[in-house]
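# An overview of the molecular structure
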Amino acid sequence: MDVYAEVVDVDSTKQQERHYYLLSELQTLVKDLPSSFQQRLSYNTLSDLALALIDGTVYEIVQGLLDIQHLTEKNLYNQRQKLHCEHQGLKQDLARKHKDALQSCKSHNLALLKSNQQAEQEALEIRVREEQRMMDKKIVAEIDQKVIDQQNTLEKAGVPGFYITTNPQELTMQMNLLELILKLQQKESQSGIL
């Protein structure tokens, strides 16, 4: 037997041991999931997931996707906060303008002024609601796109259970798989395996 064959045997033995270790850990972690999801995670699915995790690349991919998700969420939150502050400023400016107009208004024009101010106030409220609604739609669309990007990336990386879907049950299953991956990564990290 040559040296190359011995190295391959040692390598495949280590990979097999790692696969069994990961599979055992996944089987333990699955017990924390709701029973409806435990039933959907077959031995083969867990075994395939363990195989995908052997070299640690999937951990890095998941961590990268998580970092991107957090940055995206923070950016979207900041955009919404900025819009909210702009709206507060518009409301304050209008209130100041109305107060000044009321102070300088002649009594015989008061009813007309109040009517006009009420119309301006309502128009501003409608504008604010519409801009907030459009911002919220944009945020949901961006988050939905991030989910699709994540599913696509994990599917291409060969992680079992990941494909592009909008089915709520499948999304929950994918989130449970991600939770398993992250818990296993954390456990390996703490024990110094990674």
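The structure presented is a predicted model; accordingly, all values stated were derived computationally and were not measured.

### Digging into the side chain of Gln-150
Along the polypeptide, Gln-150 turns up in helix α5 (residues 110-156). Those residues in contact with Gln-150 that sit more than four places away from it in its chain are Leu-65 and Gln-69.

### Concerning the pattern of salt bridges
Applying the stated criterion to the full structure yields 10 salt bridges. Between Arg-133 and Glu-130 there is a salt bridge, with its nearest N and O atoms 2.7 Å apart. Placement of both Arg-133 and Glu-130 in helix α5 is noted, with a separation of 3 residues, approximately one turn of the helix. Its relative accessible area of 40% is what places Arg-133 among the partly exposed residues. Note that Lys-183 is salt-bridged to Glu-179, the shortest N-O span being 3.0 Å. Highlighted residues: Lys-183 and Glu-179, both in helix α6 (residues 168-191), separated by 4 residues, approximately one helical turn. For Glu-179, a relative accessible area of 34% corresponds to the partly exposed category.

### So, the side chain of Glu-25
The topology assignment puts Glu-25 in helix α1 (residues 3-30). The exposure class assigned to Glu-25 is buried, which follows from its relative accessible area of 12%. In contact with Glu-25, other than residues within four places in its own chain, are Leu-184 and Lys-187.

### Considering the packing of helix α4 (residues 57-103) against α5
The relative placement of two packed helices comes down to the angle between their axes together with the axis-to-axis distance. Packing of α4 against α5 leaves a shortest axis separation of 11 Å and a crossing angle of 175°. Classified by the angle between their axes, α4 and α5 sit roughly antiparallel to one another. Of the residues belonging to the contact of α4 with α5, the class tally is 18 nonpolar, 11 polar and 12 charged.

### Overview of the confidence of the model for the protein
Reading fine detail from the predicted coordinates is not recommended where pLDDT is low. Here the protein averages 91 in pLDDT, and 94% of its residues register 70 or above. A low-confidence stretch, residues 3-7 (pLDDT under 50), is modelled with 1 contact involving residues beyond four sequence positions or located in other chains.

### A look at α6
One turn of the α-helix equals 3.6 residues, which is why residues spaced by three or four share an orientation. For α6, with 24 residues, the first-to-last C-alpha span of 34 Å sits near the 34 Å given by 1.5 Å per residue. Restricting attention to buried positions, one finds in α6 the residues Glu-170, Met-173, Gln-174, Asn-176, Leu-177, Leu-180, Ile-181, Leu-184, Gln-185 and Glu-188. For α6, the capping residue at the N-terminal end is Asn-167, with a side-chain oxygen 2.8 Å from the backbone nitrogen of Gln-169. Phi turns positive one or two residues past the end of α6, at Gly-192, with a value near 80°.

### What about the domain arrangement of the protein?
The extent of an interface is frequently quoted as the accessible surface area lost upon association of the parts. Split into domains, the protein comes out as domain 1 (1-55 + 164-193) and domain 2 (73-158). For the pair domain 1 and domain 2, the summed buried area comes to about 470 Å², and 63% of that belongs to carbon and sulfur atoms. On inspection of domain 1 and its partner domain 2, the count reaches 0 salt bridges. Linking domain 1 to domain 2 there are 2 residue pairs in polar contact (both at pLDDT 80 or more). Top element by residues in the side of domain 1 that touches domain 2 is α6. It accounts for 3 residues. Counted by class, the side of domain 1 that touches domain 2 contains 4 nonpolar, 2 polar and no charged residues.

Rules of the game
Residues numbered from 1 in each chain as written. Predicted model: local features only at pLDDT ≥ 70, side-chain atom pairs only at ≥ 80, totals over all residues. Heavy atoms only, no water. Helix = DSSP H or I, 4+ residues; strand = E, 2+ residues; numbered from the N terminus. Contact = heavy atoms within 4.5 Å. Salt bridge = Lys/Arg side-chain N within 4 Å of Asp/Glu carboxyl O. Buried < 20%, exposed > 50% of the residue type's maximum accessible area, 1.4 Å probe, protein only. Axes fitted to C-alpha atoms, helices over the stretch in contact; angles between N-to-C directions. Parallel < 35°, antiparallel > 145°, perpendicular 65-115°, else oblique. Nonpolar A, V, L, I, M, F, W, Y, C, P; charged D, E, K, R; others polar. pLDDT = per-residue confidence, 0-100. Expected span 1.5 Å × (residues − 1). Polar contact = N/O pair within 3.5 Å; in protein donor to acceptor, adjacent residues only side chain to side chain. Domains from an automatic or database assignment. Buried area = accessible area lost by both parts, 1.4 Å probe.

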